[in-house]
Amino acid sequence: MIVADKKREQIIEGAIKRFIHFGINKTTMNDIAEDLSVSKPSLYYYFPDKRSLIVGVIEKVFTDYFDALKKKYNPDAAIEDTLFQTIDIRNSFFMKYFMLRISEGIPDIFTDQTLKEKLTSLKNSEKAFYAKIFERSQEKGEIKHENMSHVAELYLESLMGLTNMCIIELGKDLLPDKKAVNKMTQKQKDLSSIFTRGLKC
C-alpha cells in the first residue's frame with residue numbers, strides 16, 4: 001500500500017512538472033509515462049484517464065496548501081497577524097502553481113459533475129478552516145459576528161476577487177512577477193485590516 005501510494009505521488013509530481021512547463025492541453029498521458037519511465041498500463045492503473053490525473057493534481061496542490069496553513073496557524077495570534085500569514089502562504093502557492101492554469105486545461109471544468117463536486121469539497125474545506133480562525137478570534141474577544149461561516153465565505157471571495165484582478169491585469173500568457181504579486185498581497189492585507197476592523201466588538 002505504501003509503495004502504491006508513493007508511485008501515485010510520483011506520477012502526480014511528474015504531471016505537475018510537465019503541466020507547468022508545457023501546459024495541460026499539450027501534455028498527453030504518453031508524455032508523462034515517458035518522463036517517469038513507467039509503462040502506460042502502470043500509469044493507467046493509477047489514473048484511468050487524463051481527467052482523473054488532473055483531479056489528483058488538484059487534490060495534491062490543495063492538500064499541500066491546507067497542510068501549510070494548518071502547520072503555521074497559531075490560535076493565540078492576533079486575527080490580523082493570522083490573516084496576513086495565510087495570505088503569504090496563499091500567494092506563495094499562487095506563484096508556484098500559476099502556470100498550471102487548471103481552468104484552461106479543462107474547458108468544461110465548471111460543468112463536469114465530478115470535478116465540480118471535488119472543487120466544491122475543497123472550497124468548503126478552506127471555508128471551514130477560515131471559519132475556525134474567525135471563531136477562535138471571537139472566543140478571544142477580538143471580533144464579533146453571529147455567523148462565522150458566512151464571514152469566512154465573504155472574506156475568501158474578496159481575496160479571490162483581488163487575485164482575479166491581478167490575473168486580468170497580467171494578461172493571459174504572462175507569469176506574475178514578484179512586483180505584481182507583492183502589489184496583490186498588499187491589497188489583500190489592506191482588505192484584511194479593513195475587514196477585521198469592521199468585526200471588532
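Just so we're clear, the structure is a prediction, and the values are computed from it rather than from any experiment.

J.: Which parts of the structure should I look at to understand the pattern of salt bridges?
T.: One side chain can pair with another of opposite charge once the charged atoms of both are near each other. One pass over the full model with this rule turns up 12 salt bridges. Among the salt bridges present, the one from Glu-59 reaches Arg-8, with a minimum N-O distance of 4.0 Å. Residue Glu-59 is located in helix 4 (residues 50-72), and its partner Arg-8 is located in helix 1 (residues 2-22); the two are separated by 51 residues in the primary sequence. The partly exposed category is assigned to Glu-59, whose relative accessible area is 24%. With its nearest N and O atoms 2.5 Å apart, the salt bridge here joins Asp-35 to Arg-18. Linking Asp-35 in helix 2 (residues 29-36) with Arg-18 in helix 1, this pair joins segments that are 17 residues apart in sequence. Given the relative accessible area of 15%, Arg-18 is considered buried.

J.: Sorry, what's going on with the UniProt feature "domain: HTH tetR-type" (unreviewed entry) in the chain here?
T.: As recorded in UniProt, the sites labelled "domain: HTH tetR-type" (unreviewed entry) are residues 5-65. Annotation note: span residues 5-65, helix share 80%, strand share 0%, distance between end C-alpha atoms 19 Å.

J.: Would you mind showing me how to read the packing of aromatic side chains here?
T.: The geometry of an aromatic ring pair is captured by the separation of the ring centres together with the interplanar angle, meaning the angle of the planes. With the rule as written, the count across this model stands at 12 aromatic pairs. Seen in terms of ring centroids, Phe-134 and Tyr-155 are 5.7 Å apart; in terms of plane orientation they differ by 80°. Their pairing is edge-to-face. Note that Phe-134 is positioned in helix 7 (residues 113-139) and Tyr-155 in helix 8 (residues 148-170), a separation of 21 residues in sequence. With relative accessibility at 0%, the residue Phe-134 sits in the buried group. What makes Tyr-155 buried here is its relative accessible area of 0%. Three or more aromatic residues link up through ring pairs in this structure, and these residues are Tyr-73, Phe-129, Tyr-130, Phe-134, Tyr-155 and Phe-195.

J.: Please clarify how the UniProt feature "DNA-binding region" (unreviewed entry) in the chain should be interpreted in this entry.
T.: As recorded in UniProt, the feature "DNA-binding region" (unreviewed entry) lies at residues 28-47. End C-alpha atoms of residues 28-47 are separated by 13 Å, and the span's content is 75% helix alongside 0% strand.

What counts, and where the lines are drawn
Residues numbered from 1 in each chain as written. Predicted model: local features only at pLDDT ≥ 70, side-chain atom pairs only at ≥ 80, totals over all residues. Heavy atoms only, no water. Salt bridge = Lys/Arg side-chain N within 4 Å of Asp/Glu carboxyl O. Helix = DSSP H or I, 4+ residues; strand = E, 2+ residues; numbered from the N terminus. Buried < 20%, exposed > 50% of the residue type's maximum accessible area, 1.4 Å probe, protein only. UniProt positions renumbered as here; feature names shortened; annotations may be inferred. Phe/Tyr/Trp six-rings, centres within 6.5 Å; stacked < 30°, edge-to-face > 60°.

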